[in-house]
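One-letter residues, chain by chain:
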Amino acid sequence: MRVAIIGSGPAGFYAAEALLKRAGTPVDVDVFDRLPTPYGLVRGGVAPDHQKIKAVVRVFASTAARPTFRFLGNVQLGRDVSVEELRRHYHQIVYATGNESDRRLGIPGEGIAGCTPAAVFVGWYNGHPDYRNARIDLSVSRVAVVGNGNVAVDVARILMRSRAELERTDIAAHALDSLRNSQVREVFVLGRRGPEQAAFSPSELKELGSMEAADPVVDAGELAGCADADGNMKILRSFASRQPRGDAKKLHLRFLVSPTEVLGNAEGKVAGLALEKNRLEARPDGTVAARGTGQIEVLDVDMVVPAIGFAAERIAGVPFDEKARIIANQDGRVVDPALRRVIPDEYVVGWARSGPQGLIGEHKRASAQVVEHMIADGAGLEARVLPRRDAIDALLRERGVQLVSFDDWKRLDDVEVVRGERRGAPRDKIVDVEAMLALLSQGQ
Ligand SMILES: Cc1cc2nc3c(=O)[nH]c(=O)nc-3n(C[C@H](O)[C@H](O)[C@H](O)COP(=O)(O)OP(=O)(O)OC[C@H]3O[C@@H](n4cnc5c(N)ncnc54)[C@H](O)[C@@H]3O)c2cc1C
Ligand SMILES: NC(=O)c1ccc[n+]([C@@H]2O[C@H](COP(=O)([O-])OP(=O)(O)OC[C@H]3O[C@@H](n4cnc5c(N)ncnc54)[C@H](OP(=O)(O)O)[C@@H]3O)[C@@H](O)[C@H]2O)c1
């Protein structure tokens, strides 16, 4: 049996692990990624000051060490190889391509310079090659971060960390340089619903209370009428009752406001954010929605980072669910969205399957469930004779693709770790695909 997995983030790696551990038919697993580096958002999303979370890559590396596993980095489905070609070379295909687009606020001014979606800002500080040249101007003093999820907290925290705190992390060198000289003094994290509806994890929220040079600021009035519960509410109350240090930067947590327009100045840069005050409305299904009251204020900020969620990118030849903005599927089996018919031997895992919710560890069980479907559906498939395993490599090389193996990645990894030691960091990332490929060809 031979399986192609497209995407080497947590969902792809956990699917590979489940496939390689399956009893019975031996499986050859080829994991492709458009980047020369594996691990998806564990490398490009998880915050640089959260190194412990990144330790999960050891589990993925042990999967990669299995004898029938191969990593084929620097190969983009839809650009370097087509779905049709994968069908010819593999018995089954698993899409694990994540959610690489941002959701948009859909308000006027969203495209103004200085209004930077979270995927861009996070990709920039994490050294994702797509965003290494993003224009991030930190000569500004006040920033709005829209959204009340963990990504909003990550973004706000990175903006508020001190130089010393950042130097110890694997933040990209260009971002470290820029943040060292940052003039940002105040960040406003804006929730459209109330504190009780915020999506932050308590551990992430709590961390905002122990930053070296910044303090969380919560107006006690914002918490009036909220339950006296544990978790986020308890933490927010403790923030509301503390006295911020006079010389500290301020991270304001505000609720019940929705941006209605990003305001620009004559130079086309952000000059403020118009906010509408919301009230909460209980819905018949038990959920609570934000409703605008018509009351508008202008928040004086010069940079805006919407952190309101992500969506899958459309990939040529892969069925797309326009409404949910994920790969069209039923329980991990890819379907034709028009006919609602299952497309045989094609599966989807991770955020590409379910949208942008959930933690890294949750993909282990979810990907294994999809692998159960693959096993149930795939009986006898191995009888279909395929081209030799390395025929796909030859096809890609003919097209001028420089393939990156897992051993190649280990070389890049070693180089990054050695570079990091110079600044006392876990690694100093190489952020340019061309530089990675040049470094690998030198050693050939
Ligand atoms: C900013 C941020 C911080 C986060 N922090 C945490 C955290 O601290 N703890 C936690 O538990 N969870 C965290 N998460 C959530 C976690 O990262 C996700 O649950 C998880 O990474 C999703 O896994 P995935 O494999 O579906 O997608 P991804 O991790 O996005 O992996 C997708 C992979 O597919 C590749 N790919 C995409 N398109 C193609 C293509 N056409 N061809 C080839 N390859 C392709 C990409 O390069 C990427 O490597 C965070 C998420 C974000 C956005
Ligand atoms: N350390 C960690 O563990 C960590 C770090 C980062 C990310 N993650 C995980 O990764 C996933 C994605 O995180 P996320 O923060 O992107 O998503 P999220 O948890 O879904 O939060 C998105 C936030 O955006 C708000 N929002 C959506 N549309 C909006 C709009 N039009 N206007 C204003 N606000 C809007 C949502 O408000 P409503 O609730 O009102 O919809 C919500 O507060 C989550 O599962 C998260 O836990 C984990």
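Residues numbered from 1 in each chain as written. Chains lettered and ligands numbered in written order. Predicted model: local features only at pLDDT ≥ 70, side-chain atom pairs only at ≥ 80, totals over all residues. Heavy atoms only, no water.

A. Highlighting the sheet that holds strand E7 (residues 186-190). Sheet architecture is open: five strands sit in the order E8-E9-E7-E6-E13, paired in parallel fashion. The sheet is open, and its two borders are formed by strand E8 (214-217) and strand E13 (303-306), each paired with just one other strand. For this sheet, the mean angle separating the axes of adjacent strands, direction not counted, is 20°. Sheet topology note: the E8/strand E9 (residues 249-254) ladder contains four bridges and is parallel. Bridge assignment links Pro-216 to a residue of E9, and that residue is Leu-251. (Pairing = 2+ DSSP bridges. Helix = DSSP H or I, 4+ residues; strand = E, 2+ residues; numbered from the N terminus. Axes fitted to C-alpha atoms, helices over the stretch in contact; angles between N-to-C directions.)

B. Structural context of the site of ligand 2. Looking at ligand 2, there are 21 residues lining it, with Asn-150, Arg-192, Arg-193, Glu-204 and Gly-358 nearest. Here ligand 2 loses 78% of its free accessible area of 920 Å² to cover by the protein chains. The element that contributes the greatest number of residues to the shell around ligand 2 is helix H7 (residues 150-160), accounting for three residues. Partitioning the shell around ligand 2 into residue classes produces ten nonpolar, seven polar and four charged. (Near = heavy atom within 4 Å. Areas by Shrake-Rupley, 256 points an atom, 1.4 Å probe, with all protein chains shown as cover. Nonpolar A, V, L, I, M, F, W, Y, C, P; charged D, E, K, R; others polar.)

C. Representation of the site of ligand 1. Close to ligand 1 lie 31 residues; Asp-33, Trp-351, Gly-358, Ile-360 and His-363 are nearest. With the chains in place, 93% of the 1,000 Å² that ligand 1 exposes on its own is no longer accessible. Of all elements in the fold, only helix H1 (10-20) and H7 reach the threshold of two or more residues within the shell around ligand 1. Of the residues belonging to the shell around ligand 1, the class tally is 16 nonpolar, eleven polar and four charged.

D. Fine view of the sheet that holds strand E12 (residues 288-299). Ordered in space as E10-E11-E12, the three strands form an open sheet in which the pairing is antiparallel. Of all strands in the sheet, those bounded by a partner on one side alone are strand E10 (257-264) and E12. Ignoring strand direction, the axes of neighbouring strands in this sheet form an average angle of 25°. Relative to E12, strand E11 (residues 270-282) runs antiparallel, the two sharing nine bridges. In the strand pairing of E12, Asn-278 is matched with Gly-292.

E. Just helix H6 (residues 118-125), in detail. Here H6 lies mainly inside the structure; eight of its eight residues are buried. Among all positions of H6, only Ala-118, Ala-119, Val-120, Phe-121, Val-122, Gly-123, Trp-124 and Tyr-125 are buried. If you follow the buried residues of H6, they end up packed against helix H2 (41-44), strand E5 (101-102), H7, helix H9 (173-180), E13 and strand E14 (310-311). Where H6 terminates, the next one or two residues include Gly-127, which has phi positive at roughly 70°. (Buried < 20%, exposed > 50% of the residue type's maximum accessible area, 1.4 Å probe, protein only. Contact = heavy atoms within 4.5 Å.)

F. Focus on the environment of Gln-92. With respect to the helices, strands and loops of the structure, Gln-92 is situated in strand E4 (residues 92-95). In this structure Gln-92 comes out as buried when scored by relative accessible area, which is 0%. Gln-92 sits 285 residues away from Asp-377 along the chain, and the two C-alpha atoms are 10.0 Å apart. Ignoring sequence-local partners within four residues, the contact set of Gln-92 consists of Met-1, Arg-2, Val-3, Ala-4, Asp-345, Tyr-347, Met-374, Gly-378 and Leu-381. Side-chain polar atoms of Gln-92 contact the backbone oxygen of Met-374, separated by 3.1 Å. (Polar contact = N/O pair within 3.5 Å; in protein donor to acceptor, adjacent residues only side chain to side chain.)

G. Just the pairing of E9, in detail. Judged by how many residues are buried, E9 sits mostly within the fold: five of six residues are covered. Alignment of E7 against E9, held across five bridges, turns out to be parallel. Counterpart to Val-189 in the pairing with E9 is Leu-253.

H. A look at the environment of Ile-360. With respect to the element layout, Ile-360 can be found in the loop between helix H12 (351-354) and helix H13 (362-377). Once the C-alpha coordinates of Ile-360 and Gly-149 are considered, the two residues, 211 residues apart in sequence, prove to be 15 Å apart.

I. Examining the nonpolar core more closely. Counting residues in each nonpolar core, the largest one holds 46 residues, and the members touching the most others are Val-145, Leu-159 and Leu-253. Listed by contribution, the elements that provide at least two residues to this core are H6, strand E6 (142-146), H7, H9, E7, helix H11 (232-241), E9 and E13. The leading source of residues in this core is H7, at seven residues. In this structure, Val-145 is in contact with Ala-152, Val-155, Leu-159, Val-187, Phe-188, Val-189, Leu-190, Val-305 and Ala-307, ignoring residues within four places of it in sequence. Grouped together as the second largest cluster of nonpolar side chains are 39 residues, Val-3, Val-56, Leu-381 and Leu-440 included. (Core = buried A, V, L, I, M, F, W, Y, C linked by side-chain atoms within 4.5 Å.)

J. Structural view of the packing of aromatic side chains. Under the counting rule described, the total for this entry stands at twelve aromatic pairs. Relative to Phe-60, the ring of Tyr-14 lies with its centre 5.2 Å away and its plane at 80°, an arrangement referred to as edge-to-face. Of this pair, Tyr-14 sits in helix H1 while Phe-60 sits in helix H4 (residues 57-64), and the two are 46 residues apart along the sequence. Judged by relative accessible area, which is 7%, Tyr-14 ranks as buried. Owing to a relative accessible area of 0%, Phe-60 belongs among the buried residues under this scheme. Look at Phe-32 and Tyr-90: their rings are 6.1 Å apart centre to centre, the planes differ by 85°, and that puts the pair in the edge-to-face class. With a gap of 58 residues between them, Phe-32 in strand E2 (residues 28-33) and Tyr-90 in the loop between helix H5 (83-89) and E4 connect regions that are remote in the sequence. Neither Phe-32 nor Tyr-90 differs from the other in exposure class; each is buried. An aromatic cluster is built from Phe-13, Tyr-14, Tyr-39, Phe-60, Phe-69, Phe-71, Phe-406 and Trp-409, whose rings are joined through pairwise contacts. (Phe/Tyr/Trp six-rings, centres within 6.5 Å; stacked < 30°, edge-to-face > 60°.)

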